[in-house]
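This is what each chain is made of:
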Amino acid sequence: RSPARAEKHGCRAPMTPQSLLTRCFDQGDYHYVAINGADSDWRTHAALGMCGNTIPALARLPGFDAPEARFYEGVIRWIDGDEAGAIRLLEPLDNPHAGNLLRLIRKPRISILSQLSWYRSSTSPHNVLLAAERDPKFEIRNISFAPDDLPNRPDADIHDYYDPDNPPDLYLSEMIEWHVIPPNIQELPCSIIGQTADYDMHIQAVYPWLQVFDEIVVTDSTEYADLRGLVDVPVSTFSKPYSLPPDLPDPIDCETDIDLVITGSLYNSYYPDKADMMRQLLESKDLQPFFYNGFFQAGVYYQLLARSKLSVALTRHLGATPTRGFEALAMGTVLLVPEESCLRLFAGDNDGVVPFSLAGNGLQKAIETVMTDRKRYAEGARRGMAIVRREFDSQRASSQYLRIVTFYAARPRNPRRQL
């Protein structure tokens, strides 16, 4: 595993596990470090906070003396919304990144020119814009084709969207592949940050655009490894660009009369991994699953999840944040996730999040393990439900996302390479 990871990070010579972790941290693969780092290393706890799990990170980082630990403690306090604590820790540091970030934190409002999902839905996990418009720290000007946003058009001029005497503090596109981006985006006088997830699905159209950003954000190590091979700009991981919908219902107290619920695109040639998932589910002994190749209205869907003992979250990129997964856990359903899943940074086996591997009928084995000790895992899922409802709360997760994007925007950079 380590040699392959070292190669992804541009290393020709073999690396020790510690030097690999250090390089991964320095290059922004926080997910990898949070999963694989030692408890005695400050980077492990800093990486956890940089992935969005700030509470345990801030409980441990003050115990480390390294100057870098103070910097990241300050950054994570900012991500967590503690501006005074962030300023106190960052102010004494002789660090250009800290200085740039301090200037932004001290502003009454941080201005963001954005291309975010304009579908302001209270039932969607893609609601950064909705939350941003409710966060008093940020002033959002969103470019889109929606009537209430700045009007987008093909071949738009980016200079039409801001006052040159008062330029934005940063530009953010989430997701890059969803938007018609102005072709002269690199002429912006601020940092250009983009988030991507379906870069491979749209690679022929998206690849040229990936090159124009100053930094690209992904959710986990599997996406990170792909993007590091596609772009020369920094890539970083943050696991909470999505959140639970604002209109998530309260926990539903009902009989769990369904063994397992799976909905969505189940039978599609684009998802060959799901074929193996379905095979293992169908071959599982005494399992009474509910399959639906499609999507339900939100209220019906959450009711089904609450009735289910189990759910499986299998994303195309195995480590990526599973939106349907944290929705299931939020309804108290035991959740099976790939071993690589970044959701395991927030909840573990004792919290109703059970890892599996598709290899060797690993999904079948995980199901059998849970069903054999159903009561223990159900109790764990209730703990996990409280965790994800707190950590992936719409306002909390989205506000954290905007704050870490501000951290990326404050990064000192060389002159932008014009394409």
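What this report covers is the structure whose coordinates are included nearby. (Residues numbered from 1 in each chain as written. Predicted model: local features only at pLDDT ≥ 70, side-chain atom pairs only at ≥ 80, totals over all residues. Heavy atoms only, no water.)

**Re the overall build of the chain**
Argument step 1. Looking only at helices and strands, one finds 17 helices and 12 strands in the chain.
Argument step 2. Relative to its length of 419 residues, the chain is compact, with a C-alpha radius of gyration of 21 Å against a globular reference of 22 Å.
Argument step 3. Across its three principal directions, the C-alpha atoms of the chain cover 65 × 50 × 40 Å.
Argument step 4. Sorting the 419 residues of the chain into buried and exposed places 56% on the buried side.
Argument step 5. A separation of at least 24 residues holds for 64% of the contacts in the chain among residues at least 6 apart in sequence.
Argument step 6. With an accessible surface of roughly 17800 Å², the chain has 50% of that area assigned to carbon and sulfur atoms. (Helix = DSSP H or I, 4+ residues; strand = E, 2+ residues; numbered from the N terminus. Rg over C-alpha atoms; globule rule 2.2 N^0.38 Å. Buried < 20%, exposed > 50% of the residue type's maximum accessible area, 1.4 Å probe, protein only. Contact = heavy atoms within 4.5 Å. Areas by Shrake-Rupley, 256 points an atom, 1.4 Å probe, with all protein chains shown as cover.)

**Thoughts on the environment of leucine 244**
Argument step 1. In this structure, leucine 244 sits in the loop between strand E7 (235–237) and strand E8 (258–264).
Argument step 2. Through-space distance from the C-alpha of leucine 244 to that of valine 353 is 17 Å; in sequence the pair is 109 residues apart.
Argument step 3. Not counting chain neighbours up to four residues away, the residues in contact with leucine 244 comprise Asn127, Phe326, Glu327, Ala330, Val388, Arg389, Phe392 and Ser394.

**Observations regarding the sheet that holds strand E2 (residues 138–144)**
Argument step 1. The strand order across the open sheet built from seven strands is E3-E2-E1-E4-E5-E6-E7, with neighbouring strands paired in parallel fashion. The two strands at the open ends of the sheet, each matched to only one other strand, are strand E3 (150–151) and E7.
Argument step 2. Strands in contact with helix H11 (residues 221–228) are strand E6 (215–218) and E7; relative to E7, the strand with the most contacts, it is inclined by about 175°. (Pairing = 2+ DSSP bridges. Axes fitted to C-alpha atoms, helices over the stretch in contact; angles between N-to-C directions.)

**Quick word on helix H13 (residues 298–307)**
Argument step 1. For H13, the complete set of buried residues consists of Tyr301, Tyr302, Leu304, Leu305 and Ala306.
Argument step 2. Looking at the buried positions of H13, the neighbouring elements they touch are E8, strand E9 (289–293), strand E10 (308–312) and helix H14 (323–330).
Argument step 3. Capping the start of H13 is the job of one residue whose side-chain oxygen sits 2.9 Å from the backbone nitrogen of glycine 299: glutamine 297. (Polar contact = N/O pair within 3.5 Å; in protein donor to acceptor, adjacent residues only side chain to side chain.)

**Considerations on the side chain of threonine 219**
Argument step 1. Counting through the fold element by element, threonine 219 comes out in the loop between E6 and H11.
Argument step 2. Taking relative accessible area as the criterion, threonine 219 reaches 0% and is therefore assigned buried.
Argument step 3. Among all residues touching threonine 219, those that are not within four sequence positions of it are Gln195, Thr237, Phe238, Ser239, Pro241, Tyr242, Ala320, Thr321 and Cys342.

**Structural notes on the packing of helix H7 (residues 83–90) against helix H8 (residues 96–105)**
Argument step 1. Where H7 contacts H8, the two axes come as close as 10 Å, and the packing angle between them is 150°. It follows that H7 is roughly antiparallel to H8 by the angle criterion. Here H7 runs over H8; the crossing is left-handed. Residues Glu83, Ala86, Ile87 and Leu90 of H7 lie in contact with H8, whose contacting residues are Ala98, Leu101, Leu102 and Ile105. (Parallel < 35°, antiparallel > 145°, perpendicular 65-115°, else oblique. Left-handed = near helix turned anticlockwise from the far one by under 90°.)

**With respect to the pairing of strand E11 (residues 334–338)**
Argument step 1. The buried fraction of E11 amounts to five of the five residues, a majority that puts the element mostly inside the structure.
Argument step 2. Two strands pair when backbone bridges link them, and E10 and E11 are joined in this way by three bridges, in the parallel orientation. Paired with leucine 310 across the strands is valine 334, a residue of E11.
Argument step 3. Regarding the hand of the β-α-β motif, the stretch spanning E10, H14 and E11 is right-handed.
Argument step 4. In the sheet, E11 pairs with strand E12 (residues 353–356) via four bridges, with the strands oriented parallel. From the neighbouring strand, proline 338 faces E12, where its bridge partner is phenylalanine 356. (Right-handed = clockwise from strand over helix to strand, strands pointing away.)

**Looking at the pairing of strand E5 (residues 191–195)**
Where a strand is regular, its side chains alternate between the two sheet faces.
Argument step 1. A large share of E5 lies buried, amounting to five of its five residues.
Argument step 2. By the alternation rule, side chains of E5 split into Ser191, Ile193 and Gln195 and Ile192 and Gly194, which are all buried.
Argument step 3. Sheet analysis places strand E4 (residues 170–174) next to E5, joined by five bridges and oriented parallel. Directly across from tyrosine 171, in E5, lies its bridge partner isoleucine 192.
Argument step 4. Bridge count between E5 and E6: three bridges; the pairing is parallel. Its bridge partner being in E6, glutamine 195 is matched across the sheet by valine 217.
Argument step 5. The parallel pair E5 and E6 is bridged by helix H10 (residues 203–210), and the resulting crossover is right-handed.

**A closer look at unusual backbone geometry**
Argument step 1. That bond from glutamate 174 to methionine 175 is cis: its omega, 0°, falls within 30 degrees of zero.
Argument step 2. Mapped onto the secondary structure, methionine 175 falls in the loop between E4 and E5.
Argument step 3. The backbone phi angle of aspartate 286 is positive, close to 60°, even though this residue is not glycine.
Argument step 4. Following the sequence through the fold, aspartate 286 ends up in the loop between helix H12 (272–283) and E9.
Argument step 5. For asparagine 361, which is not glycine, the phi torsion reads 55° and is therefore positive.
Argument step 6. Note that asparagine 361 resides in the loop between E12 and helix H15 (362–372).

**Quick notes on the packing of aromatic side chains**
Argument step 1. Under the definition given, this model contains 16 aromatic pairs.
Argument step 2. An angle of 35° between the planes, with centres 6.3 Å apart, marks the rings of phenylalanine 290 and phenylalanine 296 as tilted.
Argument step 3. Phenylalanine 296 gets classed as partly exposed once you look at its relative accessible area, which sits at 29%.
Argument step 4. Here a set of aromatic residues connected by ring pairs shows up, and it is made of Phe25, Tyr30, Trp42, Phe71, Tyr72, Phe407 and Tyr408.
Argument step 5. For the cation-ring pair, lysine 240 lies above phenylalanine 392, with the distance from its terminal atom to the ring centre recorded as 5.6 Å. (Phe/Tyr/Trp six-rings, centres within 6.5 Å; stacked < 30°, edge-to-face > 60°. Lys NZ or Arg CZ within 6 Å of the ring centre and 35° of its normal.)

**A closer look at the pattern of salt bridges**
Argument step 1. Taken as a whole and judged by the stated rule, the model has 27 salt bridges.
Argument step 2. Linking glutamate 391 and arginine 390 is a salt bridge whose minimum nitrogen-to-oxygen distance equals 3.0 Å.
Argument step 3. Residue classification places glutamate 391 among the buried positions, given a relative accessible area of 0%.
Argument step 4. When salt bridges that share partners are traced, they join Asp80, Lys240, Arg390, Glu391 and Arg396 into one network. (Salt bridge = Lys/Arg side-chain N within 4 Å of Asp/Glu carboxyl O.)

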